[in-house]
Amino acid sequence: MKVKTQVIGMEPYKPGKPMEEVKQELGLSDVHKLASNENPYGPSPAVAEAAAEAVRSPEIYPDGYAAEIRSAVARHLDVNPSQLIFGAGSDEVILMLCRALLTPETNTVMASPTFSQYKHNAVVEGAEIREVPLKNGYHDLPAMLEQVDADTRIIWVCNPNNPTGTYTSKEEFETFLKQVPSDVLVVSDEAYIEYVTAPDYPDTLSLMNEYPNLMVLRTFSKAYGLASLRIGYGAGSTELVQALDPIRPPFNTTTMAQKAAAAALNDQEYVESCRKENRKALDEFIAFCHSHGLSYLPSQTNFLLIDTGIPGDKMFDSLLKKGFIVRSGESLGFPESIRVTAGTKEQNQLFLQALEESLNENNTLSEK
C-alpha cells in the first residue's frame, strides 16, 4: 500500500486511560478521570429527553444540513445560518479547513505547544508547519505574525489555549488581526469560551463582518457536556463556509447529537451554573498551589496546568495509583507539570489530598 509519505510514522491521538481499565489494572474500586477536560456535571437535564426522542428512528439518516441546531446556534450567536458549518466536534472542522486550504506548497502558523490537531491535520496535507513558542505560557502573536509570508494559508489561535489555559486579550487579538494579510485565514478556536470569565476576552463574532478571513470554532464537548456525541461548529463568512461544505461528509453529525445540542444550547442557566462551579474549583486548585509553593498558569478554561517540580510522568503514575487520571505535562511540552481538569467539589477535595500525598512521597524519595 502506498500511503502518503507524510503519514508514515505519524502517531494517532492518544486519549487518557479509560476508568474501567485503570480499575482492573490497579485493583481500584473508585477512579476519577480528570484528564480530558470534560464537564464533571454532565449536560443539562433537558438533554436526556431530546436524546430519547432522537433514538426512536435510528434507521433514518440525520439531517445533513443540521437545520434545527443550525437555526438555534444562529439565533444564539446572532449570525446568519449560512455562516455556520457543523462537524463531529470542532476537530472535524479543523480537518475540513486543512483539507480545503493546505497543500505541500503552503504553510500554516501556530503556537507551540497548543492543540495537537492543528499540526496533525497539516502534516497529513503535507504543508509546512511553522510553530512559534509560547511566551511565558501565552501566544506570542507578534512573533507569529513574523512567520507569515505569501504561502501562509492558516494561522491558529487557540483561545483560551490548550494545554496552558491562558488567553489572548481583546486588544492583543484585534491588533494582530489588523496586521494579518486579508488572504490568510485566522482561526480563533474557542472550545472553552463558556468557561471564560476574563472581562477583556475578545468578542470575535462581532469582528467577522469586518474580517472575512476570520473563522471562530466552538464545541458542545466541553461546558455543554456532550463530548461523547461529537458535535461542534465553525462560524465565518458565508463564502468560506460554502467553500468548506463540499468537503464535509454528507451525514457527519447524528440526529441525537443535533437534538441534544439544541436542548443544551437552550439551557443557558445550566451553562452559567457550570461556569460558576468551575471557577470555584479552579480557585481551590490555585489556593492549594499557593499554600504549597507550586507555580501554575492562570486559566480561563476548566483545567489547570500545575508545575509540581517533579517529572510529569512520575506524578501521573503516583496519582494514578491513588485513583486519579490526569495528563502528564511531559507529552504537552511542560515536563514537570500535570494538567488536571476541575471536577465536582468532592472529586476536587479527594484529588488535592492525593496530590499532597504524592508531593510528599516524591519529595521524600528525592531527598534520599
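Each residue is numbered by its place in its chain's sequence as written, counting from 1. A pLDDT threshold of at least 70 governs which residues receive local features in this predicted model, and a stricter bar of 80 or more applies before side-chain atom pairs are shown or counted, although totals over entire chains, interfaces and linings include all residues. Side-chain measures were taken over the full set of non-hydrogen atoms in the model, leaving aside hydrogen atoms and water.

A. Spotlight on the packing of aromatic side chains. Pairing of aromatic rings covers Phe, Tyr and Trp, the last counted by its six-membered ring, and requires centre-to-centre distances within 6.5 Å; plane angles under 30 degrees mean stacked, over 60 mean edge-to-face, and any other angle means tilted. Scanning the model with the defined rule gives 10 aromatic pairs in all. Ring geometry for Tyr61 and Phe251: centres 4.4 Å apart, planes at 15°, overall stacked. Taken together, the residues span a long stretch of sequence, with Tyr61 in the loop between α2 (46-54) and α3 (67-77) and Phe251 in the loop between α8 (238-244) and α9 (255-266) at a distance of 190 residues. With a centroid separation of 5.9 Å and 50° between ring planes, the pair formed by Phe220 and Tyr233 is classed as tilted. Here Tyr233 lies in strand β8 (residues 232-235) and Phe220 lies in the loop between β7 (214-219) and β8, a separation of 13 residues in the sequence. Assigned by exposure class, Phe220 and Tyr233 land together as buried. One aromatic cluster in this structure is built from Phe86, Phe220, Tyr224 and Tyr233. Two conditions define a charge located above a ring, namely a distance within 6 Å from the ring centre to NZ of Lys or CZ of Arg, and an angle within 35 degrees of the ring normal. A cation sits over an aromatic face here: Arg70 above Tyr65, 4.1 Å from the ring centre. Under the DSSP-based scheme used, a helix requires at least four consecutive residues in state H or I and a strand at least two consecutive residues in state E, with every element numbered from the N terminus. The buried label applies to any residue whose accessible area, calculated with a 1.4 Å probe on protein chains only, is under 20% of its type's maximum; exposed applies above 50%, and partly exposed to all values in between.

B. Broad picture of the sheet that holds strand β10 (residues 303-307). Pairing is antiparallel across the open sheet formed by four strands, whose spatial order is β9-β10-β13-β12. Looking at which strands have only one partner, the edges of the open sheet turn out to be β9 (295-296) and β12 (327-328). By the bridge criterion, five bridges tie β10 to strand β13 (residues 337-341) in an arrangement that is antiparallel. The partner of Asp307 across the bridge, within β13, is Ser337. For this analysis, residues touch if any pair of their heavy atoms sits within 4.5 Å. All axes are obtained by fitting lines to C-alpha atoms, using only the stretch in contact for helices, and the reported angles, taken between N-to-C directions, cover 0 to 180 degrees. Across the face of the sheet, helix α10 (residues 268-292) comes into contact with β9, β10 and β13 while running at roughly 10° to β10. Whether two strands pair depends on DSSP finding at least two bridges between them.

C. Examining helix α5 (residues 116-124) more closely. Taken together, the buried positions of α5 are Gln117, Tyr118, Asn121 and Ala122. Buried residues of α5, seen end-on, are gathered within an arc of 130° and therefore sit on one face of the element. On its buried side, α5 packs onto α4 (90-101), β3 (107-112), β4 (128-133), β5 (152-158) and β6 (185-189). Note on α5: the residue one or two positions beyond its end, Gly126, has a positive phi of about 80°. Relevant arc is that of directions from the helix axis to the C-beta atoms, nothing else.

D. Local environment of the pairing of β5. Within β5, six of the seven residues are buried, leaving the element largely enclosed by the surrounding structure. Note: β3 against β5, three bridges, orientation parallel. Bridged to Thr108 within β5 is Ile154. The pairing of β5 with β6 spans five bridges and is classified as parallel. Within β6, the position partnered with Ile155 by the bridge is Val186. In this fold, the crossover linking β5 to β6 by way of helix α7 (residues 170-179) has right-handed handedness. A crossover gets the label right-handed when its path from the first strand over the helix to the second runs clockwise, viewed with the strands pointing away from the viewer.

E. Seen up close, α3. Regarding α3, the residues found buried are Ile69, Arg70, Ala72, Val73, Ala74 and Leu77. Those residues of α3 hidden inside the fold are in contact with β2 (84-87), β7, β8 and α9. Looking one or two places after α3, you find Asp78, whose phi comes out positive at around 60°.

F. Up close: the pattern of salt bridges. The term salt bridge refers to a pairing of a side-chain nitrogen on Lys or Arg with a carboxyl oxygen on Asp or Glu at a separation within 4 Å. For the coordinates displayed, the defined rule picks out 15 salt bridges. The structure contains a network of salt bridges with shared partners spanning Glu53, Glu68 and Lys259.

G. Layout of the nonpolar core. Counting 45 residues, the largest nonpolar core has Ile69, Val73, Leu84, Ile155, Val186, Leu214 and Phe220 as its most contacted members. No other element matches the seven residues that α9 contributes to this core. Discounting chain neighbours no more than four positions away, the residues touching Val73 are Leu84, Phe86, Phe220, Tyr233 and Leu265. Only buried Ala, Val, Leu, Ile, Met, Phe, Trp, Tyr and Cys residues count toward a nonpolar core, and they belong to the same one when joined by side-chain atoms within 4.5 Å.

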